[in-house]
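Listed below, chain by chain, are the residues.
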Amino acid sequence: VDCAAGAMLSAARAPVPGTRGKPKLERDIVGIEPGTRRLLLFNAEADFEETVTMRRKVMKEHPVIEVRSDLIDAHVYLLNKWLLPYLLKDENITTIKGELVPLLTRFQFKNVPKQSEDVVDGEQTETDIFRYAPVKGSDFPGVDLGDDYHLGDAGAHKNPVRCYAYIAEGAFLVRTNTVAGYMEANRQAHQLNKEIFPHVAGGRFDNIAPEKVEFGEKSSARHCVLGQNCRIGAQAKVSDSVLLDGVTVGDGASIQGCIVCGAQEIGTGAVLKNCIVAHKKNVAADAKHANEVLGTFVEI
């Protein structure tokens, strides 16, 4: 299928340590035509107030539209090469997701200006996208556009701007530009391809742990990612957590849903739930913390 742009999307997932309650994630409102996967609407939720509006022309040409707010943009795009000179000329477009893709979805339903033989190229606005878009079949050498590219006996052309979406159903796809994304990537790390990540070994209960991890008597770890040289003390319990290199968990301690940065010690009997512990920040014995950020992080 010939298109101006394509976007890869994946289902949104879940919460994050270090905060109380579920995080307020930025959501996108995405409208897709079932079957063709034509991308008809793509805007941030913040762009709308209480209702989502669509032009009557869009509804007439595409009467069945699936509108979703549970998808995450994977920041993977396929752009037709004719868009590149347009992007070089329009300096107002600085982001693909926030500006270009929403703009292209709207341009799909703009009326294509008539090309007059009397119009000199220099008289057209350099930021007019239709100046760069193909307007006839010969602009796509070797590509069969199908009968629906032309309208009527007069040979008038349909809008050449077309956008499509690919939904990666069931795929391991997550962006790690937030703490929530980082945590989710680690929660799903047991799905990693061992050929791509040969140094990662899966353990019991969907743990990811290297060989140099020490487990004390009657200790347990479930759904965790453990770094090199970690030590889990006797009767300690760690679940749904990420422990970076060199973390020592004291005897009888409990860690649930946490990110624990490296080279530190969690004291005997300490209880941590949904916390983030900074690098080299030791936690005292029998301490109890929930939904907190412990220690100081230095931004780079």
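Provided above is the structure to which this section pertains.
Owing to the predicted nature of the structure, the values given are computational and were not obtained by experimental measurement.

Visitor: Looking at this structure, how should I read helix α4 (residues 179–187)?
Guide: Along an α-helix, residues three or four positions apart point the same way, because every turn accommodates 3.6 residues. Three or more residues of α4 are buried, namely Ala180, Gly181, Met183, Glu184, Ala185 and Asn186. Its buried side turned inward, α4 meets β11 (225–226), β14 (242–243) and β17 (259–260).

Visitor: Teacher, can you tell me more about the state of the cysteines here?
Guide: In protein structure, a disulfide is the covalent linkage between the sulfur atoms of two cysteines. In total, this model carries 0 disulfides according to the counting rule given. Not engaged in a disulfide, the cysteine cysteine 224 finds its nearest cysteine sulfur in cysteine 258; these two sulfurs lie 9.7 Å apart. With no disulfide partner, cysteine 275 has as its closest neighbouring cysteine sulfur the one in cysteine 258, 4.8 Å distant. On the accessibility criterion, cysteine 275 (0% relative accessible area) is buried.

Visitor: Help me understand unusual backbone geometry in this model?
Guide: What is expected of a backbone is that most residues other than glycine have negative phi and most peptide bonds are trans. Even without being a glycine, glutamine 235 presents a positive backbone phi close to 60°. Looking at the element boundaries, glutamine 235 is found in the loop between β12 (231–232) and β13 (237–239). Positioned with a positive phi, aspartate 240 is a non-glycine residue whose angle comes to about 50°. Mapped onto the elements, aspartate 240 comes out in the loop between β13 and β14.

Visitor: What's the story with the environment of leucine 100 in this structure? I'm lost.
Guide: Secondary-structure assignment places leucine 100 in helix α3 (residues 96–107). With 13 residues separating them in the primary sequence, leucine 100 and leucine 87 have C-alpha atoms 8.9 Å apart. Setting aside residues up to four positions removed in sequence, leucine 100 forms contacts with Leu79, Leu87, Ile93 and Thr95.

About the criteria used
- Residues numbered from 1 in each chain as written.
- Predicted model: local features only at pLDDT ≥ 70, side-chain atom pairs only at ≥ 80, totals over all residues.
- Heavy atoms only, no water.
- Buried < 20%, exposed > 50% of the residue type's maximum accessible area, 1.4 Å probe, protein only.
- Helix = DSSP H or I, 4+ residues; strand = E, 2+ residues; numbered from the N terminus.
- Contact = heavy atoms within 4.5 Å.
- Disulfide = S-S within 2.5 Å.

Remember that the coordinates give geometry; whether it matters functionally is a separate question.
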